Every structure is written in C-alpha cells, then in structure tokens.
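Okay, here's what each chain looks like letter by letter:
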Amino acid sequence: MEDVEFLIVGCGPAGAQAAREAARQGIETIVLEKDAVVGAKRVCAAGLRPGFCKTFDLPRELIHFDTPRMALFDEEGTCHAFPVGPAHTTTREELDGTMAELALQAGAQLRTQSLYRKHRVGRDSTTVEYADLQSGQHKQIRARNVFFATGATARLDTDEQLAFPKWEDGLLTCYQYRLYLARPAEPIAYQTLELHYFRAANGRQIVAWMFPKRDHLTVGLGVMGKMPGKELRAELKGFQARVAPRLYPGIASRIKEEGHLLYGGRPRPSIVSGSLMVGGTAAGLVDATNGEGIFEAAMSGRLAADAVATHPNAPNRAAQRYNAGVKGRFYARLKHRDTLMRFLERRPRRFGVLFEQLATTPRFAEILQREDSYLPIIDRFYLYGQALKFAKNAIRA
Ligand SMILES: Cc1cc2nc3c(=O)[nH]c(=O)nc-3n(C[C@H](O)[C@H](O)[C@H](O)COP(=O)(O)OP(=O)(O)OC[C@H]3O[C@@H](n4cnc5c(N)ncnc54)[C@H](O)[C@@H]3O)c2cc1C
C-alpha cells in the first residue's frame, strides 16, 4: 500500500489546478489520469471567460482568439449581440496539457493510463484502487485527502454520502464538428462566441455553438438526455447548414466529428465524504444556461489545494473547508442558472425576451458575466430590477 498526502483523480482543469497549487505549497501530490495524453481526448468548445489566464497564472499563448462579442440566437434565429470581456478561445489539448505541465513543474507526480476503480473512505484517510493500464496491475493508494475530478462521467453512487440519483437527469449528449476550412471564415466569426437556442425536430431543447480556433471553427450542439445518433447527427448537419452562409459562405471544409457528455443540471448536493472532496464537473459545477464549467472546475481545484494546505493534519476539516468554499462561491449562482434554464425551456419565446434585454442593456449583460459573490450592493439591486423586468416580459411572452 502506497501512502501520499494528496491524491487527485482526473487531470482536467479541476485536477491539474489542484495539483499545481498543492505541489507549489510543498504538499506531496499524485494525480491519476486514465488517458495516455492529458487533454487529447477532451471534447469541448473551450471558450474561456475574461481574465481566465490571469486568474490561474497561465500563459497567454494558449489563447487562440480574444472574442469581444457574444451573439445569442433565439428560437427564430434572430441574433442578439453584446460586448463581452473579451472572452477567449483555446483547445483542451492545449489548455489541459499546459495546466498538467505546470503541475509537474510545481512538483506534482502525474500517472497517466491510471484508471480509478473504487475508493473506501476511512476515518482520517481514503484508499483508492486503480488499474495501471500499461501493466494491467491493480494498485492501491492511501491518501490523507483525495480530490475527485473525473468530469461528467463521474460515478459516485457507491458512496452513500455523495450519491445523487438526479445526476443522470442532468446529463446532456454533445456532438460537435471541428471544421478545418480551406480559407479563413468571415472576420466576424473570429471575434464572436455564438450560442444558439432552438428546438430539435423531436421538440427537445438544443443549445448549439460556434467558437473560433486558430485552425478550425468548433460548431456543435448539446441536448438534454440521450438522443439516437442518427437524429443527433441530422440536427448538427442542419445547424451547420444554417450558420455556413453567414460565416463561411462557399468555403470547403474538412470535418472532424467528436462527441461527449456534459453535465448541465443542479450542483451535486453533497461534495465531501470524510476526507474525500469532489470538484469540477463531477461536483456539477456547470452553468446550465451555457455549459460553462472550465472556470468553475479550475477554481474548485484551487479551493481544494487551499483546504489541504490550511489543515495539513486534519483531513476531515480540510474537506469541510472545501465544502464551505465551493458552496459559498458557486451554489447560489449555479442553482439560479438551472432554474432560469428550465423556465426558458418551458416557453422558448422567453429566450428571445431575455436576449433582447441583454443586447439592449449592456450593463445587465456585463453584471451577469461577473460572479455573484463579488457584486457590490448597487449592482445587486440593479440585477434584481432587471430580473423583475425580465420576469414581467417573459410571463407575457
Ligand atoms: C461539448 C462540450 C463543450 C463545452 N464547452 C465549454 C466551454 O466552451 N467553456 C467552458 O467553460 N466549459 C465548456 N464545457 C464544460 C467543460 O468541458 C467542463 O466543465 C470541464 O471540462 C470540467 O473540468 P473537470 O476538470 O471537472 O473535468 P474534465 O475536464 O472532464 O476532466 C476529467 C478528467 O478525468 C479523467 N478521468 C475520467 N474518469 C477517470 C477515471 N475513472 N480514472 C482516471 N481519470 C479519469 C478524464 O480523462 C479527464 O482528463 C463543455 C463541455 C462539453 C462536453
């Protein structure tokens, strides 16, 4: 049995940031990652919120485009645009690869091809069993604190404390194209994050996107629950045909297709069990209105590292500190976003009402991009006023 101070399962933004920040503080840290190359298999639109690199001390070189414009398309295809940040785009192979490299430089150990199998929570430690995919051996590590950051496929039902029966209901099936164009698209494509909200042929709500990258455009969509592959492919083909004449008219492209699950429901009610902490998408830290979760994941990693460093000899107290930190920072906003999304979905005309209000009231759009926990009182009142205005118009719609 191997022993370590801090064990992290999963090397996405949550796991990698936790590893980097813990190792920087002298904590002995091991990361288990099932893939051979970090980030190589991540399917993601990889839009980043303004200031992401500065917040997490990451090199600006991983940014493909600064996108100062957000364009929201309602169910009738009407565009409502407003300024943002600028936000940024990247790819996950670059982002996750860079974050993992920085964790290694800080002194963390990364074990790729290491597949988590199960865990057992003890009084002051957690034992994790994993498969070494290279040797085929089953191995165990006992850790003072464990940070579980395995993303949307996280299965935590065997842990009574963490089990969340509604997890499956929040899963979205995502499918996207990387479009490698024969020549550049229209200039506006490289300045904009596009989000489209419309109904599928079978009546289900779809959220679709177009995010620009250095050598391709990411054009994709997500739908709540499972949808037969044929129908999903037809929806994406139809969506691509709608955006092509505006963004890359008559330009030939080579397409790479990719699919993955995204979680888009309410955050997991319980995110700690003994000295075990759950972060990132595994904790349900995703904005249900737009699928944003990279910032939340990386920030949960930071909070986990901080908790372990603050209580080096009291792992359960570290987990409690983490629990309070994550819930205080994210839960109110993410629950509101989930409630808002369900409200909009019930009557799709409401999307247009909200987007029009955002496009015509830039201050409203700007405040919504900030985190609730840092809003001065004057902005909170402004936000409540705008929320009331929206509710009044949405109920009439
Ligand atoms: C199609 C799509 C588009 C998206 N677009 C955006 C966007 O534009 N902006 C944004 O902010 N968010 C976006 N998201 C959400 C974003 O991808 C997640 O919120 C983010 O990846 C969460 O990071 P994480 O570290 O929690 O998990 P992940 O990034 O999912 O990382 C989990 C890691 O754990 C590893 N792992 C999983 N199981 C095991 C196991 N059993 N053993 C060992 N390792 C394991 C995985 O290989 C992976 O490396 C999108 C998601 C999807 C699916």
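Data block above holds the structure.
Residues numbered from 1 in each chain as written. Predicted model: local features only at pLDDT ≥ 70, side-chain atom pairs only at ≥ 80, totals over all residues.

**Student:** Teacher, can you tell me more about the overall build of the protein chain here?
**Tutor:** Of the regular secondary structure elements, the protein chain holds nine helices and 16 strands. Taken against the 2.2 N^0.38 rule, which gives 21 Å for 397 residues, the C-alpha radius of gyration of the protein chain at 21 Å falls within 12% of a compact globule. In terms of overall dimensions, the protein chain has C-alpha extents of about 60 × 50 × 40 Å along its principal axes. For the protein chain, with 397 residues in total, the buried portion stands at 47%. For the protein chain, restricting intrachain contacts to residue pairs at least 6 apart in sequence, the fraction spanning at least 24 positions comes to 69%. (Helix = DSSP H or I, 4+ residues; strand = E, 2+ residues; numbered from the N terminus. Rg over C-alpha atoms; globule rule 2.2 N^0.38 Å. Buried ≥ 20, exposed ≤ 12 C-beta atoms within 10 Å, placed from the backbone. Contact = placed C-beta atoms within 7 Å.)

**Student:** Is there a simple way to explain the packing of helix α7 (residues 349-360) against helix α9 (residues 377-396) in this structure?
**Tutor:** To describe two helices that pack against each other, one gives the angle between their axes and the distance between the axes. It is at 9 Å that the axes of α7 and α9 come closest, and there the two elements cross at 145 degrees. Two packed elements cross with a definite hand, and for α7 against α9 that hand is right-handed. Of the residues in α9, those touching α7 at R350, V353, L354 and Q357 are Q386, K389, F390, N393 and A394. Looking at the contact of α7 with α9 residue by residue, the classes come out as four nonpolar, three polar and two charged. (Axes fitted to C-alpha atoms, helices over the stretch in contact; angles between N-to-C directions. Left-handed = near helix turned anticlockwise from the far one by under 90°. Nonpolar A, V, L, I, M, F, W, Y, C, P; charged D, E, K, R; others polar.)

**Student:** Can you walk me through the nonpolar core in this structure?
**Tutor:** In summary, soluble globular proteins display a tendency toward joint burial of nonpolar side chains. One finds A103, F148 and M277 to be the most contacted residues of the largest nonpolar core, which totals 119 residues. A per-element tally of this core places helix α5 (residues 294-310) first, with 10 residues. Residue contacts for A103: discarding those within four places in its chain leaves A16, A19, R20, A23, V31, A108 and L110. (Core = buried A, V, L, I, M, F, W, Y, C linked by C-beta atoms within 7 Å.)

**Student:** Please explain the environment of I63 as it appears in this structure.
**Tutor:** Inspection of the secondary structure assignment puts I63 in the loop between α2 (52-55) and β4 (65-73). The spacing of I63 and E94 is 31 residues in sequence and 8.9 Å in space, taken between C-alpha atoms. Sequence-distant contacts of I63, defined by excluding residues within four places in its chain, comprise C53, H88 and T90.

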